[in-house]
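Close look at the chain arrangement
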Amino acid sequence: MGRKRKNRNAAIVGIGQTVYSSHREDQNQVEMVHEAVRNALDDAGLAVGDVDCIVHGNMELFEMQFQPDLWHSLGLGALGKDVFRITTGGTTGSSLVCAADNLVASGLYDTVLAVGMQKLQEGNTTGGITNMSDPLWFRNMQTGALSGTSAQAVIGEFGEERGRRAAIHYRIMMDNHAMLNPRAHRKLGLTYERADELMKTSARLVGDLRLIHMCSQSDGACAVVVASEEAARRAKTPPVWIRDHVEVHREETFTNLFGFVRPETTQRYAARKLFGRNGITDPVKYFDVFEMYDPSAWWGLAWLREFLLLEGDAHLRMLEEGKFDLDGDLPVNPSGGVIATNPIGATAMLRVAEAAMQIRGDAGEHQVAGGVRHALASGFGGTFWTALIMLEKDLEWEMP
Amino acid sequence: MDGGADKEHCFVVEARMALPNEYFAGRTGSRFLTALRDEKRILGVRCPSCGMTFVPPREYCERCWSKIAENWVELEKEGEIVAHTVVRYEDRHLPKKPPYILALIQLKGADTPFPHIVEGVDPAYVFPGMAVRAVFAKVPVNTLMGIDHFEPL
Ligand SMILES: [Zn+2]
């Protein structure tokens, strides 16, 4: 297998988010995209003329619109620029950042603008997502993120009482974080005192997956500016270095129809590969914050073990002991995560953007105290796409 | 055998997709539609730095990125045909019964044309530069069909 090698360093120098809401009737898609682009350029202190290339993406068909990148040109500032469209389902936002990293690190472009968007309320997500699976073999089993399997797996391993309590603990922790994030879409004001009640009264979706556990449907867009080391000096914000990233994709094990042995998850595979080639043996100790794409409280819970290369019930113990809280050893999703805010084509980029804001130290009320030097961000998409991205405050590592 | 491929006993899985969707017109687009419907006025936005007047309106100037959404100007209800075609096939999604003329029309005072329907002239006699005026819908409509069609002056 070929080795990945960067020609030069790439950094995030601008971050732009829109308002997130269940309905953005006040803007059409072009105007919403523009809000994120404008905010990212203003944040970087750059003009649209400083951008060499644009990568654009959203979840295909979720607005029931073909080739939205063409329509969005005016909002993107794409006039006369090279533009690529990238769409990898829920992972889209992180794939856009990975692509921008590659485009800059390769030396092809000095400054790349990555833009992810979604207006879920304009379309019909079920219509789009059902089309994802092979109609002859798998379509009847296709559910997207609305799946009870992770709840079943957690409960099967740790029992009903501990499993359900951990999932609701995770959910309330996320809401506590979202309450501090002015941009978070859903802020419910949940408290741990309400855990017992929520475990029983929230509407059941599939098995032990309840409405309270599930991610939101949001309208919104996010943009980041990625620049080379030299171009980064022109920006007014301090650079956040993209140290390395990995993307993993596996379709046929969605339902594991072909095997009886559960394969290694794409989350663990991605973490093993990325940390391995960067010489990171203890990710819990190394990273100061983790922005994780958590489509539901159950998946978030289960994936912490995978991403952090933990064994047994180590992730549950860490959760129960508050280690993932905003003031814990490894804060997870200070932003409130995907359960709070989920404009899908932008969601995975939000993970990277929020992690970068943590490194810059300007996240605001949900800023991790004590300074963040090493941040991790993940993306997740339909057929178990997993993206994992490492961000650094300082240029002090050896390139892999 | 056709094209050299053996296609005997090969199944085709039949499928049909529904594409229900909405379009959020936004504040700027909605202002245009409201003026058309309630006041029978056609509004555009003008960029103060480029001097360009855009119809349909947009929040930002595509040339200089100035915010122009509030720089409303009223346009004349007359303009000229920039280009046209004739719709001759019939389908239930079409706004009019074919054949009808679909034209790009640039109103006086506007720098951009927008598409609409031209009636009251034989398609054979339509030409670029032909002067036309807007005929408004008799009942309120929440789309561009607030103008029912254009007709020759
Ligand atoms: Zn202008």
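A quick note: this is a predicted structure, and the numbers were derived from the prediction, not measured.

Some thoughts on unusual backbone geometry
Glycine aside, the phi torsion of most residues is negative, and most peptide linkages are trans. Of the consecutive residues valine 55 of chain B and proline 56 of chain B, the connecting peptide bond is found in the cis state with omega at -5°. Along the chain, the position of proline 56 of chain B falls in the loop between strand 2 (53-54) and strand 3 (72-75). The omega torsion across proline 98 of chain B and proline 99 of chain B is 0°, close enough to zero to call that bond cis. Within the secondary structure, proline 99 of chain B sits in the loop between strand 4 (78-87) and strand 5 (100-107). Of note in the backbone geometry, glutamine 67 of chain A takes a positive phi value of approximately 50° without being a glycine.

Regarding a nonpolar patch on the surface
Residues Leu146, Leu205, Val206 and Leu211 of chain A make up a contiguous nonpolar surface patch of roughly 310 Å² in combined accessible area. Mapped onto the secondary structure, leucine 211 of chain A falls in the loop between strand 6 (209-210) and strand 7 (219-228).

A short note on the side chain of arginine 24 of chain A
With respect to the helices and strands, arginine 24 of chain A occurs in the loop between strand 1 (10-17) and helix 1 (29-44). Judged by relative accessible area, which is 5%, arginine 24 of chain A ranks as buried. A polar contact of 2.9 Å, which involves the side chain of arginine 24 of chain A, links it to the side chain of aspartate 26 of chain A. Within the local environment of arginine 24 of chain A, its side chain forms a polar contact with the side chain of glutamine 27 of chain A, the two groups lying 2.7 Å apart. Beyond its immediate sequence surroundings of up to four residues, arginine 24 of chain A is in contact with Thr18, Val19, Met32, Glu35, Lys119 and Asp219 of chain A together with Phe24 of chain B.

So, the coordination of the zinc ion
Residue and element names in this part refer to chain B. Protein-derived ligands of the zinc ion are Cys47 (SG), Cys50 (SG), Cys61 (SG) and Cys64 (SG), with the metal-ligand distances lying across 2.2 to 2.3 Å. Around the zinc ion, the 4 donor atoms are arranged such that angles at the metal cover 103 to 115°; this shape is classified as tetrahedral. Counting residues between consecutive donors of the zinc ion along the chain gives the motif C-x2-C-x10-C-x2-C.

Let's talk about the environment of valine 284 of chain A
All names here are of chain A. Structurally, the position occupied by valine 284 is in helix 11 (residues 283-286). Relative accessible area serves as the criterion here: at 18%, valine 284 is assigned to the buried category. Sequence spacing of valine 284 and arginine 234 is 50 residues, and the spatial spacing of their C-alpha atoms is 34 Å. Leaving out residues up to four positions away in the same chain, valine 284 has contacts with Leu308, Leu310, Met318 and Leu330.

Brief notes about the nonpolar core
Residue and element names in this part refer to chain A. Core analysis: the biggest nonpolar cluster contains 54 residues, and Tyr170, Phe290 and Leu388 have the highest contact counts within it. With 8 residues, the top contributor of residues to this core is helix 12 (residues 297-307). The contact partners of leucine 388, leaving out residues within four places of it in the chain, are Asp244, His245, Val246, Ala270, Ala271, Leu274, Phe275, Phe290, Phe307, Leu376, Ala377 and Ser378. Ranked by size, the runner-up nonpolar core spans 40 residues in total, among them Cys98, Cys222, Val240 and Ala375.

Points about the interface of chain A and chain B
Taken together, the contact between chain A and chain B spans 31 residues of the former and 18 residues of the latter. Interface of chain A and chain B: buried area, both sides summed, is about 2000 Å²; carbon and sulfur atoms make up 64% of it. Between the two partners, chain A and chain B, sit 1 salt bridge. Between aspartate 26 of chain A and arginine 27 of chain B there is a salt bridge, and its shortest N-O distance comes to 3.5 Å. Looking at the side of chain A that touches chain B, the elements that each hand over two or more residues are helix 1 and helix 3 (73-76) of chain A.

Brief notes about the confidence of the model for chain B
On average, residues of chain B score 93 in pLDDT, and 99% of them reach the 70 mark or higher. Under the prediction, the complex receives an ipTM of 0.88, its pTM being 0.93.

Quick look at the sheet that holds strand 11 (residues 385-392) of chain A
Residues and elements named next belong to chain A. One open sheet holds the 9 strands; their spatial order is 3-2-4-7-1-8-11-10-9, and the pairing between them is mixed. Each edge of the sheet is formed by a strand with only one pairing partner; in this case those strands are strand 3 (82-85) and strand 9 (289-291). Averaged over all pairs of adjacent strands, the angle between their axes in this sheet comes to 25°, without regard to strand direction. The sheet contact formed by strand 10 (residues 374-381) and strand 11 spans 8 bridges and is antiparallel. Its bridge partner being in strand 11, phenylalanine 380 is matched across the sheet by threonine 386. On the sheet, helix 4 (residues 92-105) packs against strand 1, strand 2 (53-57), strand 3, strand 4 (111-119), strand 7, strand 8 (240-248), strand 10 and strand 11 and is oriented at approximately 160° with respect to strand 2. Contacts between helix 10 (residues 266-277) and the sheet are confined to strand 8, strand 10 and strand 11, with strand 8 contributing the most and set at about 135° to the helix.

Considering the pairing of strand 4 of chain A
Residue and element names in this part refer to chain A. Buried residues dominate strand 4, accounting for 9 of its 9 residues. Alternating positions in strand 4 separate into two faces, Thr111, Leu113, Val115, Met117 and Lys119 on one and Val112, Ala114, Gly116 and Gln118 on the other, with burial throughout. Note: strand 2 against strand 4, 5 bridges, orientation parallel. Bridge assignment links isoleucine 54 to a residue of strand 4, and that residue is leucine 113.

Let's talk about the sheet that holds strand 3 of chain B
All names here are of chain B. Ordered by their spatial adjacency, 3 strands build an open sheet running 2-1-3, and the pairing between neighbours is antiparallel. Pairing within the sheet leaves two strands with one partner each, and these edge strands are strand 2 and strand 3. By the bridge criterion, 2 bridges tie strand 1 (residues 42-46) to strand 2 in an arrangement that is antiparallel. Directly across from valine 45, in strand 2, lies its bridge partner phenylalanine 54.

So, how was this worked out
Each residue is numbered by its place in its chain's sequence as written, counting from 1. Chain A is the first chain written and ligand 1 is the first ligand written, with later ones labelled in order. Per-residue local features are limited, in this predicted model, to residues with pLDDT of at least 70; the limit for side-chain atom pairs, both in listing and counting, is 80 or more; totals at the level of whole chains, interfaces and linings are taken over all residues. The side-chain figures draw on all heavy atoms in the structure; neither hydrogens nor water molecules are used. A run of H or I in DSSP counts as a helix once it spans at least four residues, and a run of E counts as a strand once it spans at least two, with each numbered from the N terminus. Like-charged residues within 9 Å of one another, or nonpolar side chains (Val, Leu, Ile, Met, Phe, Trp, Tyr) within 5 Å, are grouped into patches, provided each residue has over 30% relative accessible area and no salt bridge. Per-residue accessibility takes into account occlusion by the displayed protein chains alone, with areas from the Shrake-Rupley method and a 1.4 Å probe. We define a salt bridge as a side-chain nitrogen of Lys or Arg found within 4 Å of a carboxyl oxygen belonging to Asp or Glu. Relative accessible area decides the class of each residue, using a 1.4 Å probe on protein chains only: under 20% of the type maximum gives buried, over 50% gives exposed, and in between gives partly exposed. Contacts described as polar in this section are N or O atom pairs within 3.5 Å, which, within protein, must combine one atom able to donate a hydrogen with one able to accept it, while residues neighboring in sequence count only if both atoms come from side chains. Contacts are assigned to residue pairs that have any heavy atoms within 4.5 Å of one another. Distances decide who is a donor: an N, O or S atom must be within 2.8 Å of the metal, or within 3.2 Å for Na, K and Ca. Water is not included, so sites may look incomplete. Think of it this way: with four donors and all angles in the 85 to 135 degree range, the site is tetrahedral; with four or six donors, opposite ones beyond 155 degrees and the rest between 65 and 115, it is square planar or octahedral; otherwise it is irregular. Residues belong to a common nonpolar core when they are buried Ala, Val, Leu, Ile, Met, Phe, Trp, Tyr or Cys residues joined through side-chain atoms within 4.5 Å. Accessible-area loss on putting two parts together, using a 1.4 Å probe and summing over both, is the definition of buried area adopted here. How sure the predictor is of each residue is captured by pLDDT, a score from 0 to 100. In this description, strands pair whenever DSSP reports at least two bridges between them. Interaxial angles span 0 to 180 degrees and are taken between N-to-C directions of axes, which are lines fitted to C-alpha atoms, for helices over the stretch in contact.

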